[in-house]
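A structural walkthrough
So you can see what is in the structure, the chains are spelled out below.
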Amino acid sequence: MRPHPAPARQWRVPPALPALKLTGAVALLALALLLDGSDRVRLALAVLTAAALAGWATRDLIAPVRLAVDPDGITVIQGFAGHRRLPWSAVEKVTVDRRARRGLASEMLEIDAGESLHLFGRHDLGADPVEVAEALHEARPR
């Protein structure tokens, strides 16, 4: 009797994150207009920054799934909103990189696929990178 293949799993950006980014963009524009709408340089910088935040939020809305795994391999986000399929044979290593800077600790999931390295933080995955790494190790065929 063959064991059942591991079901496909996916990790995505938490839904609150794009809403927070869009709220920040609107608040930044409102603040720039309220404080000094006559200063064109400050207003232009506020518009550019708000547009960047809105673009970042748009990416989260268009392609919320950052990582998916199934018995055949891993699918990662690539570019603005595209995806790239990595068969298990292309995945060399899955690790979690831990760093401490200025008193803050961060963890990044690293997927090494030979010619490409894919990095995911907690906000990309909506989960702890250590738990995701464990799930990837469990899903990988022996």
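Residues numbered from 1 in each chain as written. Predicted model: local features only at pLDDT ≥ 70, side-chain atom pairs only at ≥ 80, totals over all residues. Heavy atoms only, no water.

**Some remarks on the pattern of salt bridges**
Condition: Salt bridges, as used here, are contacts in which a Lys or Arg side-chain nitrogen is within 4 Å of a carboxyl oxygen on Asp or Glu. A run of H or I in DSSP becomes a helix once it reaches four residues, and a run of E becomes a strand once it reaches two; helices and strands are each numbered from the N terminus.
For the coordinates displayed, the defined rule picks out nine salt bridges. The salt bridge partner of R85 is D70, with a shortest N-O separation of 2.7 Å. Note that R85 is positioned in strand β4 (residues 82-87) and D70 in strand β2 (residues 65-70), a separation of 15 residues in sequence. A salt bridge links D97 to R99; its shortest N-O distance comes to 2.6 Å. Through salt bridges with shared partners, a single network forms among K21, D60, R66 and D124.

**Observations concerning the side chain of D128**
Here is the rule we go by: Only protein chains enter the accessibility calculation, which uses a 1.4 Å probe; a residue whose area is less than 20% of its type maximum is buried, one above 50% is exposed, and one in between is partly exposed. We call two residues contacting when some pair of their heavy atoms lies within 4.5 Å.
Along the chain, the position of D128 falls in the loop between α3 (122-125) and α4 (129-139). Among the residues examined, D128 registers a relative accessible area of 17% and is labelled buried. Setting aside chain neighbours within four positions, we find D128 in contact with E107 and R122.

Any functional reading would require information that these geometric values do not contain.
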